[in-house]
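Read off the chains here:
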Amino acid sequence: MEKLEYLLNKYEFERRSKPLEQNILNALPFQLPEDYKYYLENYGPFGEFIGENFVRLWPGEELAEANDGYEFPEYRPGILGIGTNGGGEFIGIQFRKDGTHRIILSDFLNDEEKYFIEIGTSFSDMLIRLDNGKDWFE
């Protein structure tokens, strides 16, 4: 978590003034990865550039509503949308049947896995890649 905390501070992610209510996390249909859960519990929404790429992360309080609004449960089962890149693509956590997960980028129009671009093996890895100058589509 040390590298994650470093990047959250480097890019001036805003700390929460009060903790995220646990019932919000419990209402989500997935067991969240620890690094992403840490971010949600301790930081508010984010919408800035990390390296060359824009990242907009949805606040924890709006995750369930945003995922329902974009019909993730119906059309993208196994994926929790967590934000966008501001260019028509969503950022999501793909929960795989083997118990692993990865962070993906895909446009809102395609629901098939062949269109998913892996942008991190974890939430922290996504931030590290962006901080190191990796482009979304590399």
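Structural data are supplied above this passage.
I will try to describe carefully the structure that is included in this document. (Residues numbered from 1 in each chain as written. Predicted model: local features only at pLDDT ≥ 70, side-chain atom pairs only at ≥ 80, totals over all residues. Heavy atoms only, no water.)

Let's shift gears to the packing of helix α1 (residues 2-10) against helix α3 (residues 34-42). One way to put it is that α1 packs onto α3 with a least axis distance of 11 Å and a crossing angle of 40°. For the element pair α1 / α3, the angle class is oblique. Between α1 and α3 the crossing geometry is right-handed. Contacts between α1 and α3 involve L4, E5 and L8 on the former and, on the latter, D35, Y38 and Y39. Its residues assigned to classes, the contact of α1 with α3 comprises four nonpolar, no polar and two charged. (Axes fitted to C-alpha atoms, helices over the stretch in contact; angles between N-to-C directions. Helix = DSSP H or I, 4+ residues; strand = E, 2+ residues; numbered from the N terminus. Parallel < 35°, antiparallel > 145°, perpendicular 65-115°, else oblique. Left-handed = near helix turned anticlockwise from the far one by under 90°. Contact = heavy atoms within 4.5 Å. Nonpolar A, V, L, I, M, F, W, Y, C, P; charged D, E, K, R; others polar.)

Glancing now at the nonpolar core. Formed by 33 residues in total, the largest nonpolar core has its most connected members in F13, Y36, Y39, I91, F123, M126 and L127. Among the elements that make up this core, the one with the highest residue count is helix α6 (residues 123-131) (four residues). (Core = buried A, V, L, I, M, F, W, Y, C linked by side-chain atoms within 4.5 Å. Buried < 20%, exposed > 50% of the residue type's maximum accessible area, 1.4 Å probe, protein only.)

A regular strand places its side chains on the two faces of the sheet in alternate fashion. In terms of burial, strand β4 (residues 89-95) is largely enclosed, as seven of its seven residues are buried. Side chains E89, I91, I93 and F95 project from β4 onto one buried face, and the interleaved F90, G92 and Q94 project onto a second face that is buried too. When strand β3 (residues 79-84) meets β4, the two strands line up antiparallel, connected through five bridges. Bridging from a neighbouring strand, T84 pairs with F90 of β4. The antiparallel pairing of β3 with β4 creates a hairpin that spans four residues between the two strands, and G86 there sits at a positive phi of about 75°. Examined bridge by bridge, β4 and strand β5 (residues 101-107) share seven bridges and lie antiparallel to one another. Following the sheet pairing, E89 is matched in β5 by D107. Hairpin connection between β4 and β5: a loop of five residues separates the two successive antiparallel strands, and G99 in this loop has a positive phi of roughly 90°. (Pairing = 2+ DSSP bridges.)

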